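In case you want the letters, here they are:
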Amino acid sequence: MHRAMLSLASLVLLMSNALAQTPLERGKYLVEGVLTCGNCHTPRGPGGVLDTSKRHAGGPQVWETAEYKVRPSNITPDKETGIGGWTPEQVKAAMREGKRPNGQQLSPQMPYGFYKIFTASDLDAVVAYVLAQPAVPQKVEPPVYKVKQMTLEIPPGAEKPLAQNAMNDPTKRGFYLVTIGHCMECHTPMVNGHRDFRNGLGTGGERFEGPWGVSLSRNITPHKEHGIGAWSDEEIKRAITQGVRKDGSKLRPPMGYGWYATMNDADLGAIVAYLRTIPAR
Ligand code: HEC
Ligand code: HEC
């Protein structure tokens with residue numbers, strides 16, 4: 001009885017949140033929160049500090065592999081150097097399919113495989129918000145593709161848009177948020193050139209080099225010793241939003257806690273609920 005009342009109350013809260021938010025507000029909440037588009041697309045100064053005066057203006061970081069050499073694009077609506085000439089449908093195609101308007105396949109450095117699951121209304125909101133940002137003229141060096149770009153694999157269960165009503169189930173909403181937040185891109189190791197979602201989901205160990213030095217993503221499965229299984233909900237939330245681990249030590253970039261700090265408690269709770277359901281490894 002108590003439980004039924006609680007879930008009714010949270011449903012009403014959820015619905016009133018959804019009703020109260022305009023698409024631009026929803027887009028801002030997602031882009032400046034769980035999506036961390038700016039973690040890649042906003043340039044950084046010394047020490048890795050983000051240059052927010054040039055939000056989403058791209059470059060100058062470079063990602064080079066045997067397959068490509070790319071920089072994060074300027075995704076501000078500047079007509080010359082950004083995506084100001086793109087229609088919302090074209091931006092959606094880049095996000096969901098990894099395709100530029102000229103048909104060019106983006107490198108897998110842009111995490112488009114995680115965006116198939118976007119609900120239609122969230123994708124609309126994200127694109128509306130991105131295109132409503134100030135245009136920042138900044139030319140980013142064009143990508144170099146050394147081979148034909150492979151299409152990025154999609155995490156199991158995230159092949160198609162999530163039905164809106166699934167958002168009312170905290171574990172499903174948590175899966176949705178963890179997917180669009182591409183948490184598992186960083187927290188799942190690559191095996192033979194493929195992200196090992198089936199056997200290594202959440203086990204970490206990826207190496208990130210940048211102006212912050214070198215960091216290794218961690219095991220975020222519910223394993224009691226190697227993962228976060230022995231952490232309380234509050235400790236996990238603190239790591240996600242403040243970058244402070246259970247033992248008090250501080251997390252480094254590119255873990256995006258500065259963005260995640262803007263998430264509401266219901267969404268954070270949903271993420272924790274979902275993380276507790278993945279296989280402990
Ligand atoms: C992990 C880093 C990363 C994240 C996170 C990321 N992007 Fe990208 N994105 C890139 C890179 C790198 C490219 C350029 C890829 C290339 O040239 O092959 C790109 C390309 C794009 C393009 C194509 C632009 C062009 O000029 O061709 C769009 C649009 C885009 N991103 C939008 C977004 C949005 C919106 C988000 C947040 C939902 C986002 N990206 C999150 C790295 C990222
Ligand atoms: C761009 C890569 C990246 C993304 C995206 C990312 N993380 Fe992380 N995360 C890291 C790295 C790297 C660390 C470790 C940093 C360090 O040790 O200084 C980390 C650490 C953590 C920790 C601390 C675990 C421990 O044992 O210390 C948690 C919890 C966590 N991430 C959860 C998440 C969640 C949830 C998301 C998605 C909402 C997410 N991460 C997205 C890279 C990422």
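Cut-off values and rules
- Residues numbered from 1 in each chain as written.
- Chains lettered and ligands numbered in written order.
- Predicted model: local features only at pLDDT ≥ 70, side-chain atom pairs only at ≥ 80, totals over all residues.
- Heavy atoms only, no water.
- Helix = DSSP H or I, 4+ residues; strand = E, 2+ residues; numbered from the N terminus.
- Rg over C-alpha atoms; globule rule 2.2 N^0.38 Å.
- Buried < 20%, exposed > 50% of the residue type's maximum accessible area, 1.4 Å probe, protein only.
- Lys, Arg positive; Asp, Glu negative; His and termini not counted.
- Charge placed at Lys NZ, Arg CZ, Asp CG, Glu CD.
- Core = buried A, V, L, I, M, F, W, Y, C linked by side-chain atoms within 4.5 Å.
- Domains from an automatic or database assignment.
- Contact = heavy atoms within 4.5 Å.
- Donors = N, O, S within 2.8 Å, 3.2 Å for Na, K, Ca; no water.
- Tetrahedral: all angles 85-135°; square planar, octahedral: opposite > 155°, others 65-115°.
- Near = heavy atom within 4 Å.
- Polar contact = N/O pair within 3.5 Å; in protein donor to acceptor, adjacent residues only side chain to side chain.
- Nonpolar A, V, L, I, M, F, W, Y, C, P; charged D, E, K, R; others polar.

Caption draft 1: Structural view of the overall build of the chain. The number of helices and strands found in the chain is 11 helices and 7 strands. For the chain, the C-alpha radius of gyration of 19 Å lies close to 19 Å, the compact-globule estimate for 281 residues. In the chain, buried positions account for 46% of the 281 residues. The distance from the centre of the 33 positive side-chain charges to the centre of the 26 negative ones in the chain is 1 Å.

Caption draft 2: Region of interest: the nonpolar core. By size, the foremost hydrophobic cluster in this structure holds 54 residues, and its most contacted members are Leu35, Phe118 and Ile180. Broken down by secondary-structure element, the contributors of at least two residues to this core are helix 2 (23-31), helix 4 (88-97), helix 5 (120-131), helix 6 (170-180), helix 7 (183-187), helix 9 (233-242), helix 10 (257-260) and helix 11 (265-275). Taken domain by domain, the makeup of this core includes at least three residues from each of domain 1 (24-150) and domain 2 (153-281). With residues up to four places along the chain from it excluded, the contact list for Ile180 reads Leu30, Val34, Leu35, Phe114, Tyr115, Ile117 and Phe118.

Caption draft 3: Seen up close, the coordination of the iron atom of ligand 1. Here the iron atom of ligand 1 is held by His41 (NE2) and Met110 (SD), and the distances to it run 2.0 to 2.2 Å. Here the iron atom of ligand 1 is ringed by 6 donor atoms whose angles at the metal span 86 to 179°, and the overall shape comes out octahedral. Of the two residues, His41 is situated in helix 3 (residues 37-41) and Met110 in the loop between helix 4 and helix 5; the sequence distance between them amounts to 69 residues. This pair shows no difference in class: His41 is buried, exactly as Met110 is.

Caption draft 4: Quick peek at the coordination of the iron atom of ligand 2. Every protein donor of the iron atom of ligand 2 is listed here as His187 (NE2) and Met255 (SD), and their distances to the metal cover 2.0 to 2.3 Å. For the iron atom of ligand 2, the 6 donor atoms are set out with angles of 88 to 179° between them, so the coordination reads as octahedral. Residue His187 is located in helix 7, and its partner Met255 is located in the loop between helix 9 and helix 10; the two are separated by 68 residues in the primary sequence. Overall, His187 belongs to the buried group, its relative accessible area being 11%.

Caption draft 5: Molecular detail of unusual backbone geometry. Put simply, Gly59 and Pro60 share a cis peptide bond, and its omega is -10°. Mapped onto the fold, Pro60 is located in the loop between helix 3 and strand 1 (63-64). For Thr36, which is not a glycine, the phi torsion comes out positive at approximately 50°. Position of Thr36 relative to the elements: it lies in the loop between helix 2 and helix 3.

Caption draft 6: Geometry of the site of ligand 2. In the neighbourhood of ligand 2, 20 residues make up the surrounding shell, with Cys183, Cys186, His187, Arg245 and Met255 lying closest. In the environment of ligand 2, a nitrogen atom lies 2.8 Å from a nitrogen or oxygen atom belonging to the side chain of His187. A distance of 2.8 Å separates an oxygen atom of ligand 2 from a polar atom in the backbone of Arg252. Mapped onto the shell around ligand 2, the elements with two or more residues apiece are helix 7 and strand 7 (213-216). The leading source of residues in the shell around ligand 2 is helix 7, at 3 residues. Here the residues of the shell around ligand 2 sort into 12 nonpolar, 5 polar and 3 charged.

Caption draft 7: Local environment of helix 9. Listing the buried residues of helix 9 in full gives Ile236, Lys237, Ala239, Ile240 and Thr241. For helix 9, the secondary structure elements touched by its buried residues are helix 10 and helix 11. Phi turns positive, to about 70°, at Gly243, one or two residues after helix 9.

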